Amino acid sequence: MNELIEGGNEMQSRLPALLMIATFAVAACAAPPPAQAPAQPQQPAAPAATEAPAPAKPDKLTVLCTPQEDWCQAMTKAFQEKTGIQTSYVRLSSGEALAKLRATKDNPEFSVWWGGPADGYVAANTEGLLEPYVSPNAAEIPAAQKDPNGVWTGVYVGALGFCSNKDVLNKLGVEKPTSWEALLDPKLKGQVAMAHPASSGTAYTAVWTQVARLGSVDAAFDYLKKLHQNILQYTKSGSAPGQMAGRGEVAVSVIFSHDCVKFADEGMNMLEVSFPREGTGYEIGGVALIKGAPEPEAAKMWIDWVLTAEAQEIGPKVKSYQLPTNPNAKVSERSVKLSEVKLVDYNFDEAGKNRKSITKRFEDEITVAPQ
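Residues numbered from 1 in each chain as written. Predicted model: local features only at pLDDT ≥ 70, side-chain atom pairs only at ≥ 80, totals over all residues. Heavy atoms only, no water.

1. A short note on unusual backbone geometry
Okay, so step 1: In the Ramachandran plot, K319 falls in the positive-phi region, its phi being about 65° despite a non-glycine side chain.
Okay, so step 2: Position of K319 relative to the elements: it lies in the loop between α11 (309–312) and β11 (323–324).
Okay, so step 3: The class for K319 is partly exposed, based on a relative accessible area of 30%. (Helix = DSSP H or I, 4+ residues; strand = E, 2+ residues; numbered from the N terminus. Buried < 20%, exposed > 50% of the residue type's maximum accessible area, 1.4 Å probe, protein only.)

2. Quick look at the environment of N165
Okay, so step 1: Considering the arrangement of structural elements, one finds N165 in strand β5 (residues 153–165).
Okay, so step 2: Sequence separation of N165 and A251 is 86 residues, and the distance between their C-alpha atoms is 5.2 Å.
Okay, so step 3: Dropping the residues within four chain positions of it, N165 is found in contact with A245, G246, G248, V250, A251, M270 and L271.
Okay, so step 4: Within polar-contact distance, the side chain of N165 engages the backbone nitrogen of D167 at 3.0 Å.
Okay, so step 5: Reaching out from N165, the side chain makes a polar contact with the backbone oxygen of A245 at a distance of 2.7 Å. (Contact = heavy atoms within 4.5 Å. Polar contact = N/O pair within 3.5 Å; in protein donor to acceptor, adjacent residues only side chain to side chain.)

3. As for the pattern of salt bridges
Okay, so step 1: Here the structure, examined in full by the defined rule, presents 17 salt bridges.
Okay, so step 2: The closest approach of N and O atoms between R102 and E127, which form a salt bridge, is 2.8 Å. In this pair, R102 sits in helix α3 (residues 94–103) while E127 sits in the loop between α4 (118–126) and β4 (130–131), placing the two residues 25 residues apart along the sequence.
Okay, so step 3: For R102, a relative accessible area of 33% puts it in the partly exposed group.
Okay, so step 4: Given a relative accessible area of 23%, E127 falls into the partly exposed group.
Okay, so step 5: A salt bridge links E249 to R247; the shortest N-O distance between them is 2.7 Å.
Okay, so step 6: According to the relative accessible area criterion, E249 is partly exposed, its value standing at 37%.
Okay, so step 7: The structure contains a network of salt bridges with shared partners spanning D218, K225, R361 and E365. (Salt bridge = Lys/Arg side-chain N within 4 Å of Asp/Glu carboxyl O.)

4. A look at the nonpolar core
Okay, so step 1: One finds W113, L130, W152, L183, M194, V254 and Y346 to be the most contacted residues of the largest nonpolar core, which totals 60 residues.
Okay, so step 2: With 6 residues, helix α6 (residues 201–214) is the single largest residue contributor to this core.
Okay, so step 3: Discounting residues that sit within four places of it in the chain, L130 has contacts with W113, Y121, A124, N125, V151, A288, L289, I290 and K291.
Okay, so step 4: Core analysis: the next-biggest nonpolar cluster, separate from the first, contains 29 residues, W71, A138, I141 and L289 among them. (Core = buried A, V, L, I, M, F, W, Y, C linked by side-chain atoms within 4.5 Å.)

5. Re the packing of aromatic side chains
Okay, so step 1: Applying the stated criterion across every chain yields a total of 14 aromatic pairs.
Okay, so step 2: With centroids separated by 6.2 Å and ring planes inclined at 80°, the aromatic side chains of W114 and W302 adopt a geometry described as edge-to-face. Residue W114 is located in strand β3 (residues 112–117), and its partner W302 is located in helix α10 (residues 296–306); the two are separated by 188 residues in the primary sequence.
Okay, so step 3: Residue class for W114 comes out buried when judged on its relative accessible area of 1%.
Okay, so step 4: With a centroid separation of 4.8 Å and 45° between ring planes, the pair formed by Y346 and F348 is classed as tilted.
Okay, so step 5: Taken together, the aromatic side chains of W71, F79, W114, Y156, W302 and W305 make up a single cluster linked through ring pairs.
Okay, so step 6: One Lys or Arg, R355, reaches over the ring of Y204 and ends 5.1 Å from the middle of that ring.
Okay, so step 7: In this structure, R361 packs its charged tip against the face of F221, placed 4.5 Å from the ring centre. (Phe/Tyr/Trp six-rings, centres within 6.5 Å; stacked < 30°, edge-to-face > 60°. Lys NZ or Arg CZ within 6 Å of the ring centre and 35° of its normal.)

Spelled out as structure tokens, the structure:
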């Protein structure tokens, strides 16, 4: 009995502990499983960073070139050596270049036009043949020598003058001309040469010079009709009359003075330059991007380069003595000093806008263009 009592007492003393264990077990079975963090959607791996491909370097350029042939050659050669771009050119006078741009408007053959008077560029832009491009190097060029909208930028300047053969003048008993009226001397009948304004920018400069100095187109044509009586030949190229004078075919030619100096330096040393005291015209030789250019990036590189002093110092090396527009370029001692020449008030915009009508009137009233 005592054993039972002792056993019962032991069981009684252990019962609360057993009940506690059972309670924890039941609670454990009834409790929900611990919450888990919701699964995060898997983010796609970030693509590896790649550099944008560099634009392909232009590999060729075709230049429409208006100055003398040897200058065209020297410029394209220097540009090709500097950039590695295969560069070719076609040399046409200013009027011929404008006609070519018109004819190939829908499928341009050239990407950049370099050289020739600015009024030709104004005429081309009026017909939608050019595309504006403001080169970063254009900041170096004086405002008066470039289009404010970047249609064309000046690369050189030249003054129109008389290029005379001293020997022929002596035989004729005529002094070298120092006025436009002097060219009307009856002793010079058949002894004057100039180019045709339809094909030559030089000749168009001569025609517009008469408009500028006489005040109207009608007055200019009155003078040109008188001058026509002394003209031996109207050439296609603006500089060709100077060569005619150098060969003794005429006494006087109307050309840009730098071309006369070039021919004298090349052996025609009987040639001399003079300027009309009433005033003469001048050119700002331009450069422009052709609309629809097949090689636009190379063309822009050309424009950037020809505006540098380095490029503008190439001309005198081939006896092309135009004045550079970049003020940092060296000026040849053989270049004309504009401060010593009286210039007319030459309005390039007006000259360019009227070029088509004036050249047509010249053909209708004076003579047709040479073929």
